[in-house]
Structures are given as structure tokens and as C-alpha cells.
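Chain and residue survey
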Amino acid sequence: MKINNEHLKELENEAIFVMREVAAQFEKKVILFSGGKDSIVLVHLAKKAFWPAKMPFSLMHIDTGHNFEETLKFRDDLANELDVELIVRFVQNSIDQGKVVEETGINASRNRAQSITLLDAIEELNIDVAIGGGRRDEEKARAKERFFSHRNEFGQWDPKNQRPELWNIFNGHKNFGEHFRVFPISNWTELDVWQYILSENIKLPELYYTHKRKIFSRNGVYLAWAPFMQLKPNEKVFETDVRCRTIGDITCTGLTLSKAQSLKEIISEIAATRVTERGGRYDDKRSEAAMEDRKKEGYF
């Protein structure tokens, strides 16, 4: 397996340039941190962009209450290691306050409810930019994004009214109450991310490597079993070797049957697959425009 280090260096330089632009143009800045590989790469890039100074970003996590314990531990350990502020807001609080009506039924998920909790946190803390790990290769709604993605005073994204980005000129002008989402690794592919993780020796949660877990199959997607997951009469829980390809809320994180126990094995597996990265995300199967609808509502 040969890694194109020159290509990865170009992507790294581009992402670092974007992050430095964010630091120069905005005041209250956070990295949206999920504990997934893309947000972990963002933190690594931020460290490199401002070394030897401490990165000028806080970490923000919207906790659905249905996250993997391994992800939460990794999040806390990383924040302590870097000595950066960790801001956590809980979807459960939004439910308790009546701002969100929790879904019920077999396919219930709190994933969509994150939007309200996130927008409330942005308003409460006067955040004017939130950096995310979205990439254009993930999904067709992501492909419409600019590096600097303007959000109106309601936190909503209008894909038909995005600002042009000419060369390396990024327009961070906003009116009161508005904010930006910024995506420094927009031009990276999933394979780029994994090869960069290997070349930089970046630590990841063990969820990304093959491990034994209780799972069940639903509509062609393997999901992790947890006490809050309701099963259909024909669904059976069994234990087998799996790993996560992308990590989010347990209710929507599809698992991959795998024997890959090293980064090199994961890269080889991904290079050979014909299933897209988000092909295993259960929440994306709700409708053809599921991701775009959530983004317009203020989703990550």
C-alpha cells in the first residue's frame, strides 16, 4: 500500500489555511466534536496550525444521551490532554424544557433533535463560527457546501444562496445573530482521512477497530444493540466481529462486519468496498433528502 504523501500535504496545507482564516476573522470559535475520526482529524490539524501556541478553539459536543461510552471517554481524555475548554450540551435538557418532542416507536432517534440543542448553544454562548468535519464526498447535500457556510439568524442553511468563494478568499462577514459553519476538510475523501490518520499516527477510539459487539440487522443495516433500542418481533440480537466506519448516535450508526484490526487493514478494506461511507447510516435512509432537510434545520 502506497500513500501519496504529497497529496496529503496539499490537503493538510489547505485545511490549515482555512483554520487560520477562521482564527483571524471570528471571535467566538468552536470545533464541533463528535469523537468521530473526522472531528479528531480537525483537532489534530488545529494543533498543527497554531503550534507551539494552544489552538484558539473550544470543543463542543451535542450529547444525545445515546452515544457510545467509548466515544465519550475519548472526548473527555482528549480535552484534558490538550487543556482546551470542552462545552457539552444535552438533548435531554431540550426534551425536558419542551423545546424538542422525543420520537417514539421502533425507529425512534434523537439524532434530528440535536439541531435545536446546537442552535440554542450557539445563541447562548454567542458563537459566531462552528468548525465541522463535513466532507463533500460523503453525501450529495454535503457536496453543495462551501468552506465558509453562512447561516441566517435562525441558524438555517440556504443552499441556493451561498456566497461565492474565489481562489482563497473567504467572506466571513455576518449580521447580528447570524453565524458560520466552516468545513476545512471539505476536499478530503474518506480514504484521504484514513491515510492521513495512518501517516500522522493519530489515536482513535477503539470502536473503529474490529471488536465483538451485540448487534442486530434492520433494513440491511447492522446496528449496535443497547437497552434503549426497541426490536421488531423478527429482529434477533447476536454477537459478532464488527467495527464502526463512521460514528454518531447509537440509533443511527451502522456497523461493518470486519476483521480489520489495524489502520493498514482498514485502508485496504475501504479501498475495496463499493458501499459509500454513509451507506450504513440508518438516519440517511429516512428519505432521499434526509441530510439536506436536517442541514436546513441547523444540523451539523
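Now for a description of the structure that goes with this document. (Residues numbered from 1 in each chain as written. Predicted model: local features only at pLDDT ≥ 70, side-chain atom pairs only at ≥ 80, totals over all residues. Heavy atoms only, no water.)

**Section: the overall build of the chain**
Within the chain one finds eight helices and ten strands. Relative to the compact-globule value of 19 Å for 300 residues, the chain shows a C-alpha radius of gyration of 19 Å, a close match. For the chain, the spread of C-alpha atoms along the three principal axes comes to 55 × 50 × 40 Å. Of the contacts made within the chain by residues no fewer than 6 positions apart, 74% connect residues no fewer than 24 positions apart. Carbon and sulfur atoms provide 50% of the accessible area of the chain, an area that totals close to 14,400 Å². Averaged over its 45 positive side-chain charges, the chain has a centre that lies 3 Å from the centre of its 47 negative ones. (Helix = DSSP H or I, 4+ residues; strand = E, 2+ residues; numbered from the N terminus. Rg over C-alpha atoms; globule rule 2.2 N^0.38 Å. Contact = heavy atoms within 4.5 Å. Areas by Shrake-Rupley, 256 points an atom, 1.4 Å probe, with all protein chains shown as cover. Lys, Arg positive; Asp, Glu negative; His and termini not counted. Charge placed at Lys NZ, Arg CZ, Asp CG, Glu CD.)

**Some details on the sheet that holds strand S6 (residues 179-182)**
Strands sit in the order S3-S2-S1-S4-S6-S5 across an open sheet of six strands; the sheet is mixed. In the strand order of this sheet, the two ends are held by strand S3 (86-90) and strand S5 (148-151), each with one partner. Shown here is a sheet whose adjacent strand axes are inclined to one another by a mean of 30°, direction ignored. As judged from the five bridges shared by strand S2 (residues 58-63) and S3, these two strands associate in the parallel manner. Pairing of Met60 across the sheet is with Ile87, part of S3. Together, strand S1 (29-32), S2 and strand S4 (129-131) form the strand contacts of helix H2 (residues 37-50), whose direction differs from that of S1 by roughly 140°. (Pairing = 2+ DSSP bridges. Axes fitted to C-alpha atoms, helices over the stretch in contact; angles between N-to-C directions.)

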